[in-house]
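Analysis of the macromolecular model
Chain by chain, the residues run as shown.
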Amino acid sequence: MLQVNFIRQNRDLVIERLGVKHFKDIDLVDTIIVQDDLRKKIQSSNDELLSRRNQASKEIGALMGKGLKEEAEAKKGEVASLKNQIDINEQDLVRIEAELKSWLERIPNLPSIKVPLGKTPEDNAVVKEAGIKPVLPDGSVPHWELIRKYDLVDFETGVKITGSGFPLFKGKGAKLQRALIQYFLDFNIAAGYTEYLPPYMVNEATAYGTGQLPDKEGQMYYMPADNFYMIPTAEVPVTNIYRDEIVKEPDLPIKMTAHSPCFRREAGSFGKDVRGLNRVHQFDKVELVQLVHPDKSYAVLDEMVEHVEHLVQSLGLPYRILRLCGGDMSFASALTYDFEVYSAAQEKWLEVSSVSNFEAFQTNRMKIRFKDAEGKMQLVHSLNGSSLALPRIMAALLENNQSGKGIILPEVLHKYFGAASIE
RNA sequence: GGAGAGAUGGCAGAGCGGUCGAAUGCGGCGGUCUUGAAAACCGUUGAAGUGCAAGCUUCCGGGGGUUCGAAUCCCUCUCUCUCCGCCA
């Protein structure tokens, strides 16, 4: 959520930047400013009345103390008439503030100046492409066939137990998942991130904090009996660890990592894109979250991109890094880099990570602040990134490394997997 | 699931319906002392809105009520803790 004062002071810039995100309801910006003016006006006139009421009440107390009953009664009448106006003002204020908030919540974060113009994924800027696309041997097949061949995932039984999109990992498939999780976590911990293992269900306030609510509740699984949501990513519980907290400036940056399953309803996707592990309702992911000083967030974004890049490189997968265009970015992000790995048998790029700077958009909702050197309260900036999403990494590893002698695993996984290949 | 207790500032913990944004302790910050540190002592130390500022207003888990006036009384919701039951 943007701050009203920021919108007020930067009206033209806000409108221009929202255009980059193809935000339709531009009039909302001025509506918000007008509403905030109204809020201030009523607020200050009401404060005036409250002040008079408080004063009169004190006087009544004093009169009563002296036993001057009649004068006290006269004062009471005075207060009663103030009260009427106060009641009206307060009802107005409640309404006005609620409207203001709901409008503010509809304004997406402003895209950074580095965001490319454009509407669709085709407009994303490829900032880097690296690694060598493997030349696959004859008879190479996509990962869903390799999965069957080596008995790594039992999709049919997943359907039987739960439904489509809930893969049942099995044998070496399950072990490879575990190996990847371990490896990713260790890699992140070595870079100074603190490991967390968060709850997989969150309450409303938490889902609101990272921007899943309101509006995106349809993307999450919901447990009505307890009013909990299944997390779509560890970002949600982990970023909320510091909700409503004032952190100490020297404690920044706060670097956190967590593995969790992720649950996504992803309504309405069918067809070849959802074959195998490309798109599922439940998958595992290791996530990075940082809370940083506002002056540092773009340097930290670069650092996180580099960190994820090293991780992808260490797996020997061909990859590319995209800077998302205004139309393809998420609501809350100011700048996002996506990582895609090339899955050679499908001949497709698969998104395996998304690294974003949210600036103060999330922390304004969550009120995560610090007191700066001058003693002024400031919002910290939040960032997050995947490192990495598991099923698609597995798909690419299987497809790219298939050979007559089985799936040859990258070196870094050997000690975690306990073998150099899947045969 | 049953029974009880509680929710106050960074933490701990007081708080007759008015003088309470809130005692006290710890912690934090500044200072005195010291070669330096510790100890001791002195001072200071919540957030939000509004305003150039002085100031004014709001906030003692959330919501509602009583009252001229509520941290304090009433209702309600949520959460936490303790005991019992059940359970990985």
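Keep in mind that what you see is a predicted model, and the values were worked out from it rather than measured. (Residues numbered from 1 in each chain as written. Chains lettered and ligands numbered in written order. Predicted model: local features only at pLDDT ≥ 70, side-chain atom pairs only at ≥ 80, totals over all residues. Heavy atoms only, no water.)

With that out of the way, let us pick up the sheet that holds strand β7 (residues 228–230). Taken in spatial order, the three strands make up an open sheet running β5-β7-β6, and their pairing is antiparallel. Single-partner strands in this sheet number two, and they are β5 (201–202) and β6 (222–223). With two bridges connecting them, β5 and β7 associate as antiparallel partners. For M201, the partnering residue across the bridge sits in β7 and is M230. (Pairing = 2+ DSSP bridges. Helix = DSSP H or I, 4+ residues; strand = E, 2+ residues; numbered from the N terminus.)

As a further point, take the domain arrangement of chain A. Once the domains are mapped, chain A shows domain 1 (4–106) and domain 2 (121–422). Placing a centre on the C-alpha atoms of domain 1 and another on those of domain 2 gives a separation of 44 Å. Taken together, the six residues of domain 1 in the interface contact ten residues of domain 2. Taking both sides of the interface into account, the surface hidden between domain 1 and domain 2 amounts to around 570 Å²; carbon and sulfur atoms contribute 49%. Taken as a group, K21, E105 and R106 account for 78% of the area that domain 1 buries against domain 2, more than any other trio of residues on that side. Remark: the boundary between domain 1 and domain 2 carries zero salt bridges. Of the residues assigned to the side of domain 1 that touches domain 2, the class counts are one nonpolar, one polar and four charged. (Domains from an automatic or database assignment. Contact = heavy atoms within 4.5 Å. Buried area = accessible area lost by both parts, 1.4 Å probe. Salt bridge = Lys/Arg side-chain N within 4 Å of Asp/Glu carboxyl O. Nonpolar A, V, L, I, M, F, W, Y, C, P; charged D, E, K, R; others polar.)

Judged from the nine bridges that link them, strand β12 (residues 335–343) and strand β13 (residues 348–359) form a sheet pairing that is antiparallel. Residue D338 lies in a different strand from β13, and its bridge partner there is S354. The antiparallel hairpin formed by β12 and β13 contains four residues in its connecting segment, where E347 sits at a positive phi of about 55°. Across four bridges, β13 lies against strand β16 (residues 381–389) in antiparallel orientation. Residue pairing for β16: V355 is matched across the bridge by G385.

With respect to spatial proximity, 16 residues lie near RNA strand B, and among them R39, D47, S57, V79 and K371 are the closest. When the atoms of RNA strand B within 4 Å of the protein are sorted by group, sugar and phosphate make up 79%. Between RNA strand B and S57, the relevant distance is 2.8 Å, taken from a base nitrogen to a main-chain nitrogen or oxygen of the residue. Mapped by element, the contributors of at least two residues to the surface near RNA strand B are α3 (27–65), α4 (69–106) and β14 (369–371). (Near = heavy atom within 4 Å. Polar contact = N/O pair within 3.5 Å; in protein donor to acceptor, adjacent residues only side chain to side chain.)

Under the definition given, this model contains 15 salt bridges. D25 is the salt-bridge partner of R106, the closest N and O atoms lying 2.7 Å from each other. Of this pair, R106 sits in helix α4 while D25 sits in the loop between α2 (11–20) and α3, and the two are 81 residues apart along the sequence. A salt bridge links D151 to K170; the nearest nitrogen and oxygen atoms lie 2.9 Å apart. Taken together, the residues span a long stretch of sequence, with D151 in the loop between α5 (143–150) and β2 (153–154) and K170 in the loop between β3 (168–169) and α7 (171–190) at a distance of 19 residues. Connected through shared salt-bridge partners, R8, D36, D37 and R39 make up one network.

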